[in-house]
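Listed here are the chains, written in short residue letters.
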Amino acid sequence: MSLVRAASEGQIGVSDGIHSGLDPLFVPATRVHTAVNVTFRNGMAETRPDYERVPVALPYGKFQGAASYISAGQGYLVFAVDGRLYLLRLRGNRLIPLSDQVPKMSHRVERFTFTRAERFMIVNDGINRPVILEGERARLADGAKENPLTEMPGEWGPATFGAYLYGRLAFAQTGTDNFLVGDPIIPLRYPENHLFTSENTYLQGAGAFQSASGAAGPITGVATWPLLDAPTGVGGLLVFKRDSVETYDLRVDRRAWGSVSISQVVLSRGTESHDSIAVVNNDVFFRNKDGVYSLRTGRQEGDSTLFVSYSRANERFIANDSPNLLRLCSSAVFDNRLLFTCSPRRMLLNDGRFDFYHMGLVVWDHDIDATVRNNRENADGLWTGIPITQIVAADSPGAHDRCFAFTKVAGGGNELWEITSNTTGRDNGTTPIESQIHTRAFAFSGPADRKKLGTVDVWLSDLSGPGTVRYAVRTDRSTLWQTSTRSQAWHFVDNTCYVQERTGCFDQTSNSCEVPCYRAGHLARLTSDGFGLDFYEAEARLTFTGRFRLNAFRLSVVDQPKDAVSGGRDPDLRPTTLTGEPENLFSYQVAHV
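These numbers come from a predicted model, not from an experiment.

**Q** Quick rundown of the overall build of the protein? Include the residues and the values.
**A** The helix and strand inventory of the protein stands at four helices and 41 strands. Within the protein, the fraction of its 593 residues that count as buried is 56%. Within the structure as shown, the protein displays about 24700 Å² of accessible surface, and the carbon and sulfur contribution to it stands at 49%.

Structural data, given as structure tokens:
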């Protein structure tokens with residue numbers, strides 16, 4: 001028999017976030033495998049920003065979409081429930097029903113579409129004439145209204161996904177692969193000219209565009225392609241289908257559109273959800289059945305036979321999303337982070353109808369590029385806590401941008417929560433956030449050597465309020481975690497942090513065991529509680545409540561004697577069979593359905 005040796009492995013900082021798309025044994029030393037309710041913005045793992053419930057009573061019913069816009073210096077959220085439109089003035093959280101100004105729209109449509117154009121917001125349900133919002137006033141588009149420039153009638157009719165660029169509105173036609181481009185705005189003289197479509201009716205050679213890609217199916221989204229080094233900052237009109245993205249150059253003179261090719265297929269990947277399209281600087285991100293894609297990255301891979309998904313590191317959280325519900329995915333760019341809803345679920349309303357929500361958000365942090373490293377994909381992992389129907393990034397005049405999440409409550413009610421940039425470790429000011437970190441797998445002295453777990457050491461800082469840390473382990477690719485019965489707790493008295501020091505204490509509950517937290521970083525030594533685990537490779541799961549920053553952690557093991565003849569993985573020297581609990585990434589919820 002060989003001699004018994006002690007060994008340890010660990011990690012100082014987590015500068016590159018997570019990579020759940022790799023086997024835990026091959027995750028780089030600067031990453032962890034999985035994280036829940038954690039951010040890595042400063043190169044260390046710490047609690048994600050707080051969620052705060054907005055104190056406003058939203059109407060009961062089936063949620064049908066939302067957007068934000070600014071008018072006359074005021075920031076608003078506009079949203080639809082059961083076919084009725086509502087405005088929420090962000091300053092003062094004043095809810096304004098629009099049912100006394102415009103008739104009820106379709107309550108059967110799953111999602112309305114919202115398109116900003118100058119001082120207007122155009123709301124479509126694809127069946128009825130659109131609603132045109134200007135500030136807190138709303139009216140229906142008028143097909144008989146005369147264009148003062150052309151003296152021809154025709155404001156916009158029913159449509160769906162839209163975009164505004166080069167002074168023109170473009171809208172997809174309901175359930176088709178066609179789209180229309182409206183009249184151009186004439187600044188100062190005719191500032192409402194873009195609300196008309198008279199050119200499509202009266203200009204020779206004008207009419208609807210048909211998708212050029214040949215891909216089957218209707219248009220599923222429309223956006224503008226940002227081009228920051230262009231004089232206008234805008235490239236072409238992006239038209240999405242499920243399996244393609246096309247661009248249309250609307251800078252070409254309108255009279256030449258019938259004779260000059262202005263279209264190009266730029267990617268053979270598309271999206272199911274218009275609300276999932278997010279513009280970030282010169283790039284466009286969107287949700288696809290294969291993951292999250294970047295238009296710029298996809299174009300760079302154009303000469304390859306491979307399509308590289310942007311979501312590889314966060315793959316674990318979105319791989320099992322139902323393809324039939326991807327049409328409900330939404331995204332937002334906030335605080336230099338990119339957020340996508342994930343894990344859609346169906347719920348039964350009190351009146352027998354169904355609505356849908358998402359269990360969490362998958363998050364990428366673009367701030368790390370400039371501060372810590374220059375990797376292409378910087379994943380924060382999964383954020384949970386509220387059942388989200390849609391997330392919306394909101395411009396806020398004279399203040400920092402904000403991000404909101406419309407959520408469901410039991411029975412079918414709706415609530416509004418704000419995703420803040422504050423980090424107190426408590427959602428809504430009272431509920432301690434529960435965070436999880438799953439480390440990479442450690443083989444210690446070698447993957448062929450059996451070990452027995454000794455201790456788990458954790459160095460923490462930036463603690464606040466009462467909180468705890470506990471740990472679990474799983475070995476050799478097991479699906480079960482064995483949780484320690486011991487944990488380390490901290491609390492504050494007169495702004496001084498105290499912990500229960502176990503070493504040298506005969507009475508674990510005695511006040512004599514309470515000592516101040518270490519200034520250089522609290523050291524929690526959690527023993528293996530006599531797990532008796534016998535394994536080749538091990539992962540640790542650290543679960544925190546409250547605010548924390550993880551500076552470092554370390555696992556210590558003792559090598560087990562191995563057979564002198566076989567010298568390695570001998571079938572007669574099997575590791576301990578692990579018993580325990582299955583994993584639950586969504587265990588933390590501050591709001592329930």
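Resuming the write-up.
**Q** Lay out the state of the cysteines with the relevant residues and their values.
**A** For the coordinates displayed, the defined rule picks out zero disulfides. Summary of cysteine pairing: Cys329 is not part of a disulfide, and the nearest cysteine sulfur, belonging to Cys342, is at 8.5 Å.

**Q** Before we move on, can you summarise the sheet that holds strand β16 (residues 178-181) with the specific residues and values?
**A** Here four strands make up an open sheet; going across it, the order is β14-β15-β16-β17 and the pairing antiparallel. The open sheet terminates on both sides in strands that have one partner only, identified here as β14 (162-165) and β17 (209-210). Note that β16 and β17 share two bridges and pair antiparallel. By the bridge assignment for β17, Asn178 is matched with Gln210.

**Q** I'd like a rundown of the environment of Ser15, residues and numbers included.
**A** For Ser15, the position within the fold is in the loop between β1 (6-12) and β2 (34-36). Put simply, Ser15 and Thr30 are 15 residues apart on the chain and 5.6 Å apart in space, counted from C-alpha to C-alpha.

**Q** Describe the pattern of salt bridges, with residues and values.
**A** This model, assessed by the stated rule, comprises 36 salt bridges. Here Asp82 makes a salt bridge to Arg353, at a shortest N to O gap of 2.8 Å. Highlighted residues: Asp82 in the loop between β7 (74-81) and β8 (84-89) and Arg353 in the loop between β26 (337-348) and β27 (354-365), separated in sequence by 271 residues. In this structure Arg353 comes out as partly exposed when scored by relative accessible area, which is 27%. Among the salt bridges present, the one from Arg116 reaches Asp395, with a minimum N-O distance of 3.1 Å. A residue pair is termed long-range when its members are at least 10 positions apart, and Arg116 in strand β10 (residues 113-117) and Asp395 in the loop between β28 (379-394) and β29 (402-408) qualify at 279 residues. Given a relative accessible area of 42%, Arg116 falls into the partly exposed group. One network of salt bridges, with partners in common, ties together Arg119, Glu134, Arg137, Arg139, Lys145, Glu155 and Glu192.

**Q** Just give me the short version of the nonpolar core, but keep the residues and values in it.
**A** Ranked by size, the top nonpolar core spans 55 residues in total, and within it Leu460, Trp490, Phe544, Phe548 and Leu550 carry the most contacts. In terms of residues, this core owes the most to one element, strand β40 (residues 538-559), which gives nine residues. Judged by nonpolar contacts, the second largest core, of 19 residues, contains Val78, Leu98, Val109 and Ala138.

**Q** Give me unusual backbone geometry: which residues, what numbers.
**A** The phi torsion at Asn93 lies on the positive side, around 55°, for a residue other than glycine. Relative accessible area serves as the criterion here: at 23%, Asn93 is assigned to the partly exposed category.

**Q** Can you explain the packing of aromatic side chains? Please cite residues and give values.
**A** A complete count under the given rule lists 16 aromatic pairs for this structure. Members of the aromatic cluster, each reached through a chain of ring pairs, are Phe63, Phe79, Tyr86 and Phe406. Over the aromatic face of Tyr51 sits the side chain of Arg48, whose NZ or CZ is 3.8 Å from the ring centroid. We note Arg346 situated over the ring of Phe354; from NZ or CZ to the ring centre the distance is 3.8 Å.

**Q** Outline the pairing of strand β11 (residues 120-124), supporting the account with residue identities and numerical values.
**A** The buried fraction of β11 amounts to five of the five residues, a majority that puts the element mostly inside the structure. Going residue by residue along β11, you find Phe120, Ile122 and Asn124 tucked away on one face and Met121 and Val123 tucked away on the opposite face as well. Across five bridges, β10 lies against β11 in antiparallel orientation. Counted as the bridge partner of Ala117 is Phe120 from β11.

**Q** Please provide a residue-by-residue account of the pairing of strand β30 (residues 414-419), values included.
**A** Among the six residues that make up β30, six are buried, leaving the element largely enclosed by the rest of the structure. Neither face of β30 is open: one carries Asn414, Leu416 and Glu418, the other Glu415, Trp417 and Ile419, and all of them are buried. In the sheet, strand β5 (residues 51-53) pairs with β30 via three bridges, with the strands oriented antiparallel. Within β30, the residue paired with Tyr51 across the bridge is Ile419. Pairing of β29 with β30 involves six bridges; the strand directions are antiparallel. Of the residues in β30, the one forming a bridge with Lys408 is Asn414. The turn linking β29 back onto β30 is made up of five residues, and Gly411 within it adopts a positive phi angle of 95°.

**Q** Give me the side chain of Glu246: which residues, what numbers.
**A** Position of Glu246 among the secondary structure elements: in strand β20 (residues 244-248). At 5.2 Å, Lys241 is the nearest oppositely charged side chain to Glu246, a buried residue that forms no salt bridge. Within polar-contact distance, the side chain of Glu246 engages the side chain of Ser211 at 2.4 Å. In this structure Glu246 touches Ser211, Ala212, Ser213, Leu237, Leu238, Val239, Lys241, Gln264, Val265 and Val266, once residues within four positions along its chain are discounted.

**Q** Residues and numbers for the environment of Asn193, please.
**A** Among the structural elements, Asn193 can be located in the loop between β16 and α1 (198-202). Take Asn193: its relative accessible area is 3%, and that puts it in the buried class. Counting along the chain gives 26 residues from Asn193 to Gly167, while the straight-line C-alpha distance between them is 9.1 Å. Those residues in contact with Asn193 that sit more than four places away from it in its chain are Asn147, Leu149, Asp183, Pro184, Ile185 and Ile186. Of note is the side chain of Asn193, whose polar atom sits 2.4 Å from the backbone oxygen of Pro184.

**Q** Can you tell me about the sheet that holds strand β24 (residues 291-294), naming the residues and giving the values?
**A** Pairing in this open sheet of three strands is antiparallel, and the strands run β22-β23-β24 from one edge to the other. The open sheet is flanked by β22 (278-280) and β24, the only strands paired with a single partner. The sheet shows a mean angle of 25° between the axes of neighbouring strands, direction not considered. Relative to strand β23 (residues 283-288), β22 is paired through three bridges, and the arrangement is antiparallel.

Cut-off values and rules
Residue positions are counted from 1 within each chain, in the order its sequence is given. Confidence filtering applies because this is a predicted model: local features only for residues at pLDDT of at least 70, side-chain atom pairs given and counted only at 80 or more, and all residues used for totals across whole chains, interfaces and linings. Water and hydrogen atoms were dropped before computing side-chain values, which therefore reflect all heavy atoms in the structure. Each helix corresponds to a stretch of at least 4 residues labelled H or I by DSSP, and each strand to a stretch of at least 2 residues labelled E; elements are numbered beginning at the N terminus. The rule is simple: take the accessible area with a 1.4 Å probe, protein chains only, and divide by the maximum for that residue type; under 20% is buried, over 50% is exposed, in between is partly exposed. Using a 1.4 Å probe, the Shrake-Rupley method yields the accessible areas, and only the shown protein chains count as cover for residues. Only a pair of cysteine sulfur atoms within 2.5 Å qualifies as a disulfide here. Two strands pair if DSSP finds at least two bridges between them. Any Lys or Arg side-chain nitrogen found within 4 Å of a carboxyl oxygen on Asp or Glu counts as a salt bridge. To define a nonpolar core, start from buried Ala, Val, Leu, Ile, Met, Phe, Trp, Tyr and Cys residues and group those joined through side-chain atoms within 4.5 Å. By convention, a stacked pair of Phe, Tyr or Trp rings (six-membered ring in the case of Trp) has centres within 6.5 Å and planes under 30 degrees apart, an edge-to-face pair has planes over 60 apart, and any other such pair is tilted. Should the NZ of a Lys or the CZ of an Arg lie within 6 Å of a ring centre and within 35 degrees of the ring normal, that charge is described as sitting over the ring. Counted as positive: Lys and Arg. Counted as negative: Asp and Glu. His and the chain ends are not counted at all. N or O atoms closer than or at 3.5 Å make up a polar contact, with two conditions inside protein: a donor-capable atom paired with an acceptor-capable one, and, for residues adjacent in sequence, both atoms drawn from side chains. The criterion used for residue contact is that any of the two residues' heavy atoms lie within 4.5 Å. Angular values range over 0 to 180 degrees, each being the angle between N-to-C directions of two axes fitted as lines to C-alpha atoms, with helices fitted over their stretch in contact.

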